[in-house]
2 protein chains.
Amino acid sequence: MARMVAERSDAIASLAEVFREHGYEGASLAVIGKATGLGKGSLYHFFPNGKEEMVRAVLAEIEQWFEDSVYSPLRDGDNANAAITTMLDETAKYFRSGRRVCLVGALAVANTRDLFAQAIRGYFLAWVDALQAALVRQGRDAKQARLLSEDAVLAIQGAIVLSRALDDPAVFQRAIDQLHARLAFNGKTLNDNASGNGLL
Amino acid sequence: MARMVAERSDAIASLAEVFREHGYEGASLAVIGKATGLGKGSLYHFFPNGKEEMVRAVLAEIEQWFEDSVYSPLRDGDNANAAITTMLDETAKYFRSGRRVCLVGALAVANTRDLFAQAIRGYFLAWVDALQAALVRQGRDAKQARLLSEDAVLAIQGAIVLSRALDDPAVFQRAIDQLHARLAFNGKTLNDNASGNGLL
DNA sequence: GCGCTACTGTACCGATCAGTAAAGACTTTA
DNA sequence: TAAAGTCTTTACTGATCGGTACAGTAGCGC
């Protein structure tokens, strides 16, 4: 009875969802087995180091997805504004308007942070760096771009928390909309831009 | 061997710290026992419904602290600006510049959300409501005040996540500083205020 | 001193935990 | 067709999980 799943990578999407829903400690091997359709034997065949290795594999896949879909266009796209817009829209889709948790953010808050500290740090650092690069290409000052990109990434994480807490996806969407306004460079002065959205 | 802790409330501070550090699932009775200095017998004497009741007690205490120290001044203080400044400073102190996790936010992200949904929602709703009230007393439009207060609470939560992820308390402090600027009403127009802080 | 209540320590329960071991089933290669 | 390699199933281990039961002890009112 071989080659039913056949590919280790086939399990990673299920694993990601399980860890998102149950957290690291909450995702028991029984739960993982049910979600992936794999028995313990298979799981330990693909991931000899158990849950830790599973999470690392998931984190690597997440990192790769963001690298391709978000970071890379931000850093290297020929249109900074378009890349920023794409980032916000792709992010909103990815997190399902706040209904889906950010696994990396959740790990950062939990006590498992130390175990995955490097991956967690890398994920957020790459995000802030890439967004900063886009903002600089918009013509902004490097330092201001840094603060603004930190602020944007932070707002997305906070939006997930708050929209889940209030059980209201609209909260998440409003945060994304506001980031659209704050991060857009419309060719006028920054002050014009600021007064334009009314919210400061 | 009676009356060593004597008061149920004496344990709550320790319990809060344990749940913050280990999460709901990660905080085993063994860990809880060590942190509080209470054996299982005592714990189940004070909290007959086990961990769930412990968390509810902690959440009630947290809610009370925020009500007294933050929400109440925001709603009823005679100086809205001062109340907002106090809120930000007290919040920064409370979360130890991002080194300390927000238990309510952590529960909102974890799969335990449903179990404590009402308390979680109440905590954040009260926060947003109170801040909105203060912003309205500054003379702002109600709808704009709502959006701005949502944005502020969300930023605080995101700042905790990001500063922990990057292991950099300065990230948290910068977010608080920026909120100071965004939420302050300096007597000039909002646009003046906006252009003043250089960001956005 | 006596009994009542409040609290504590310990032993124990069944369930579940992460992880191991090994034999079986299928595919691939030769 | 047969050996080798890949994957799955099953049974198992020892530890730990949340929770219960209960005997005991300390302090208080009397």
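Our structure is the block above this text.
Overview of the structure. As the structure is a computational prediction, the values presented were derived from the model and not from experiment.

Details of helix α9 (residues 169-183) of chain B
Think of an α-helix as 3.6 residues a turn; residues three or four steps apart then line up on the same face.
Residue and element names in this part refer to chain B.
Then step 1. Across its 15 residues, α9 extends 21 Å between first and last C-alpha, which sits within 8% of the 21 Å expected from 1.5 Å per residue.
Then step 2. Inspection of α9 places V171, F172, A175, I176, Q178, L179, R182 and L183 among the buried residues, and these make up the whole buried set. Looking straight down α9, one finds that the buried residues subtend no more than 165 degrees of arc, so they occupy a single side.
Then step 3. For α9, the N-terminal capping position is held by D168, with its side-chain oxygen 3.0 Å away from the main-chain nitrogen of A170.

A short note on the packing of aromatic side chains
Then step 1. Summed over all chains, the structure comprises 26 aromatic pairs over all chains.
Then step 2. Taken together, a centroid distance of 4.9 Å and an interplanar angle of 75 degrees make the contact between F66(A) and Y94(A) edge-to-face. Taken together, the positions of F66(A) in helix α4 (residues 50-76) and Y94(A) in helix α5 (residues 80-94) put the pair 28 residues apart, joining distant regions of the chain. Across the pair, Y94(A) and F66(A) agree in class, each one buried.
Then step 3. Ring centres of Y123(B) and W127(B) lie 5.8 Å apart, and the angle between their planes is 80 degrees; this geometry places the pair in the edge-to-face category.

Looking at the packing of helix α1 (residues 8-26) of chain A against helix α2 (residues 29-36) of chain A
Helix-helix packing: each pair is described by the crossing angle between the helix axes and the interaxial distance.
Residues and elements named next belong to chain A.
Then step 1. With their axes 9 Å apart at the nearest point, α1 and α2 run at an angle of 135 degrees to one another. As summarised for this structure, α1 and α2 are arranged oblique, according to the angle between their axes. The chirality of how α1 crosses α2 is right-handed. Residues A11, S14, L15, V18, F19 and H22 of α1 pack against V31, I32, A35 and T36 of α2.
Then step 2. Of the residues belonging to the contact of α1 with α2, the class tally is 7 nonpolar, 3 polar and no charged.

Remarks on the relation of the copies chain B and chain A
Then step 1. At an RMSD of 0.0 Å, chain B and chain A line up after a rotation of 180 degrees and a shift of 0.0 Å along the axis. Taken together, these values place the two copies in the relation of a two-fold axis. Minimal C-alpha distance to the rotation axis in chain B is attained by G158(B), lying at 1.8 Å.

Notes on the interface of chain B and chain A
Then step 1. Contact residues are listed per partner, giving 47 residues for chain B and 47 residues for chain A.
Then step 2. A buried area of about 4300 Å², summed over both sides, lies between chain B and chain A, and 65% of it is on carbon and sulfur atoms.
Then step 3. Applying the counting rule to chain B against chain A returns 6 salt bridges.
Then step 4. Here chain B is connected to chain A by 10 residue pairs in polar contact (both at pLDDT 80 or more).
Then step 5. Elements represented by at least two residues in the side of chain B that touches chain A include exactly α1 (8-26), α6 (103-109), α7 (117-137), α8 (142-165), α9 and α10 (190-196) of chain B.
Then step 6. If you tally residues by element for the side of chain B that touches chain A, the top one is α8(B), at 15 residues.

Points about the pattern of salt bridges
Where charged atoms from two side chains of opposite charge approach closely, those side chains can pair.
Then step 1. Under the criterion given, the structure shown has 24 salt bridges over all chains.
Then step 2. Note that R20(B) and E17(B) form a salt bridge whose closest N and O atoms lie 3.6 Å from each other. Of this pair, R20(B) and E17(B) both sit in helix α1, 3 residues apart, which is roughly one turn of the helix.
Then step 3. Given a relative accessible area of 8%, R20(B) falls into the buried group.
Then step 4. Of the charged contacts in the structure, one is a salt bridge between E67(B) and R75(B), with a shortest N-O distance of 2.4 Å.
Then step 5. Relative accessible area serves as the criterion here: at 23%, E67(B) is assigned to the partly exposed category.
Then step 6. Through salt bridges that share partners, D151(A), R182(A), D151(B) and R182(B) make up one connected network.

Cut-offs used in this document
Position numbers for residues start from 1 in each chain and track the written sequence from start to end. Written order determines the labels here, with chains lettered from A and ligands numbered from 1. Local features in this predicted model are restricted to residues whose pLDDT is 70 or higher, and side-chain atom pairs enter the listing and the counts only when it is 80 or higher, whereas totals over whole chains, interfaces and linings include all residues. Processing note: side-chain calculations cover all non-hydrogen atoms of the structure and skip hydrogens and water entirely. Strands here mean DSSP runs of E at least two residues long; helices mean DSSP runs of H or I at least four residues long; both are numbered from the N terminus. Multiplying 1.5 Å by the helix residue count minus one yields the expected span of that helix. Per-residue accessibility, obtained with a 1.4 Å probe over protein chains only, is compared with the maximum for each type, and a residue is labelled buried under 20%, exposed over 50%, and partly exposed between these values. Directions pointing from the helix axis toward each C-beta atom define the arc. Two N or O atoms count as a polar contact when they lie within 3.5 Å, although within protein this holds only if one can serve as hydrogen donor and the other as acceptor, and sequence-adjacent residues are included solely when both atoms are side-chain atoms. Stacked, tilted and edge-to-face are the three classes applied to pairs of Phe, Tyr and Trp rings, where Trp contributes its six-membered ring and a pair requires centres within 6.5 Å; stacked means planes under 30 degrees apart, edge-to-face means over 60, and tilted covers the rest. Inter-axis angles, ranging from 0 to 180 degrees, are taken between N-to-C directions of lines fitted to C-alpha atoms, where helices are fitted over the stretch in contact. Should an angle fall under 35 degrees it is taken as roughly parallel, and over 145 as roughly antiparallel, whereas 65 to 115 is taken as roughly perpendicular and any remaining angle as oblique. Here is the rule for handedness: rotate from the far helix to the near one, and if that takes an anticlockwise turn smaller than a right angle the crossing is left-handed, while a clockwise turn gives right-handed. The criterion used for residue contact is that any of the two residues' heavy atoms lie within 4.5 Å. In this classification, Asp, Glu, Lys and Arg are treated as charged, Ala, Val, Leu, Ile, Met, Phe, Trp, Tyr, Cys and Pro as nonpolar, and every other residue, Gly included, as polar. Residues reaching a pLDDT of at least 70 in both copies supply the C-alpha atoms on which the copies are superposed by least squares. Two parts placed together each lose some accessible area; with a 1.4 Å probe, that loss summed over both constitutes the buried area. By convention in these notes, a salt bridge is any Lys or Arg side-chain nitrogen within 4 Å of a carboxyl oxygen on Asp or Glu.

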